[in-house]
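Secondary and tertiary structure notes
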Amino acid sequence: MFGLGVVKGFGVTLKRFADTYIDDVKKIPSRYAGQRGVIDQGPEDTGIFTIQYPEEKRTLPERFRYIPMLLRDDETGEDRCTACGICAKVCPPQCIWIVRDKDENGRPITRPTEFYIDASICMSCGLCAEFCPFDAIKMNHEYELAAFDRYPKLVYDKEELTVLVSYYAKLYPTQYTEEEKARADKAEKKSK
Ligand code: SF4
Ligand code: SF4
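Just so it is clear, the structure is predicted and the values come from calculations on it, not from any experiment. (Residues numbered from 1 in each chain as written. Chains lettered and ligands numbered in written order. Predicted model: local features only at pLDDT ≥ 70, side-chain atom pairs only at ≥ 80, totals over all residues. Heavy atoms only, no water.)

With respect to the pairing of strand β5 (residues 108-118)
The cut-off we apply is this: Being paired, for any two strands, means DSSP has found at least two bridges between them. By the criteria applied, helices consist of DSSP H or I runs no shorter than four residues and strands consist of E runs no shorter than two, each listed in order from the N terminus.
Bridge count for strand β4 (residues 96-102) against β5 is six bridges, and the pairing is antiparallel. Within β5, the position partnered with Trp97 by the bridge is Tyr116. The antiparallel hairpin formed by β4 and β5 contains five residues in its connecting segment, where Gly106 sits at a positive phi of about 85°. As judged from the two bridges shared by β5 and strand β7 (residues 155-156), these two strands associate in the antiparallel manner. Counted as the bridge partner of Asp118 is Val155 from β7.

Observations regarding the side chain of Arg80
In plain terms, the rule: Polar contacts, as counted here, are pairs of nitrogen or oxygen atoms within 3.5 Å of one another; within protein the pair requires one atom able to donate a hydrogen and one able to accept it, and residues that are adjacent in sequence qualify only if both atoms are side-chain atoms. By definition, residues are in contact when any of their heavy atoms lie within 4.5 Å.
Inspection of the secondary structure puts Arg80 in the loop between β3 (68-72) and α2 (86-90). A polar side-chain atom of Arg80 sits 2.9 Å from the main-chain carbonyl oxygen of Asp135. Side-chain polar atoms of Arg80 contact the side chain of Glu180, separated by 3.5 Å. Discounting chain neighbours no more than four positions away, the residues touching Arg80 are Leu71, Phe134, Asp135, Ala136, Val165, Glu180 and Arg183.

So, the domain arrangement of the protein
Interfaces are frequently sized by the accessible area removed from exposure as the parts join. Heads up, the condition is: Residue ranges assigned to each domain were obtained from an automatic or database domain assignment.
Here the protein is partitioned into domain 1 (4-58) and domain 2 (68-191). Between domain 1 and domain 2, the C-alpha centre-to-centre distance is 37 Å.

As for unusual backbone geometry
Here the amide bond leading from Tyr53 into Pro54 is cis, since omega sits at 10°, within 30 degrees of zero. Along the chain, Pro54 turns up in the loop between β1 (38-39) and β2 (57-58). Here the bond from Tyr151 into Pro152 is cis, since omega is 5°, no more than 30 degrees from zero. Structurally, Pro152 is set in the loop between β6 (137-139) and β7. Despite not being glycine, Ala83 shows a phi value in the positive range, around 60°.

Quick look at the pairing of β3
As a reminder of what qualifies: We call a residue buried when its accessible area falls under 20% of the maximum for its residue type, exposed when it is over 50%, and partly exposed in between, using a 1.4 Å probe and counting protein chains only.
Of all five residues making up β3, five are buried, and the element is well covered by its neighbours. By the alternation rule, side chains of β3 split into Pro68, Leu70 and Arg72 and Met69 and Leu71, which are all buried. Here β3 runs beside β6; their pairing, made up of three bridges, is antiparallel. Note that in β6 the partner of Pro68 across the bridge is Met139. Sheet analysis places β3 next to strand β8 (residues 162-164), joined by three bridges and oriented parallel. Each residue of the ladder has a partner; that of Arg72, found in β8, is Leu164.

Considerations on the nonpolar core
Our working rule: Joining through side-chain atoms within 4.5 Å is the link that ties buried Ala, Val, Leu, Ile, Met, Phe, Trp, Tyr and Cys residues into a set, and such a set is a nonpolar core.
Ranked by size, the top nonpolar core spans 28 residues in total, and within it Met69, Ile96, Phe115, Ile117 and Ile137 carry the most contacts. Contributions of two or more residues to this core are made by β3, α2, β5, α3 (127-131), β6 and α5 (165-171). If we skip the residues at most four places from it in the chain, Phe115 touches Leu70, Cys81, Cys87, Ile96, Trp97, Ile98, Ile137, Tyr156, Asp157, Lys158 and Leu161.

A closer look at the site of ligand 1
Put simply, the rule is: The near set for a molecule or strand comprises every residue that places at least one heavy atom within 4 Å of it. For this classification, Asp, Glu, Lys and Arg are treated as charged, while Ala, Val, Leu, Ile, Met, Phe, Trp, Tyr, Cys and Pro are nonpolar and the rest, including Gly, are polar.
Taken together, 13 residues sit near ligand 1, with Cys81, Cys84, Gly85, Cys87 and Cys132 positioned nearest. Considering only residue class, the shell around ligand 1 consists of eleven nonpolar, two polar and no charged.

Here's the deal with the sheet that holds β7
On the basis of which strands lie adjacent, the open sheet formed by three strands has the order β4-β5-β7 and antiparallel pairing. Looking along the sheet, the strands with just one partner apiece sit at the ends: β4 and β7.

Brief notes about the side chain of Asp101
Of note, Asp101 is situated in strand β4. In terms of polar contacts, Asp101 uses its side chain to reach the side chain of Arg111, at 2.7 Å. Ignoring anything within four residues of it in the chain, the contact list for Asp101 reads Arg107, Pro108, Ile109, Arg111, Pro112 and Thr113.

Structure, rendered in structure tokens:
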């Protein structure tokens, strides 16, 4: 019937409008109450509202990924990366450069002396993290990377890419727990 679609459309808009307030009541104190900061807007939330970015930000889901990060052990201060080069090989746009360290006799050793990622080329596919056999590279949630100069600002070196394992554990609690369990099981099997 002529006009039925328009009426339905208004109905949807009206429902979303009402949901904005109903959702706020459900979340008392309201998502706007108190200090500004991270706003918890999950997929189950309804209603229409604006996040006042950058003062407010959405809670990011665990699976969110942006630019990779390298992991360093909190206690030992050792980097997990062994400079095996697998991540650089699988990276589709080839934006990872690694230089393996050498001992005093010039023999290669299993750690990188340099590690670069060109964030202006990285497409956040996460393949480097998927393929790393040492859980040494993971995807960071940090997305505020805007810079006036693409080079060298967006080419991150080893120190800029490195974070502590505890930081990773906080971003990816489920994944971290699973990985640690798998690592512990593997270590136990090896010791038998
Ligand atoms: S991050 Fe992982 S895959 Fe890449 S070089 Fe280091 S150990 Fe190898
Ligand atoms: S996320 Fe993808 S594009 Fe970015 S460095 Fe890793 S493999 Fe390369």
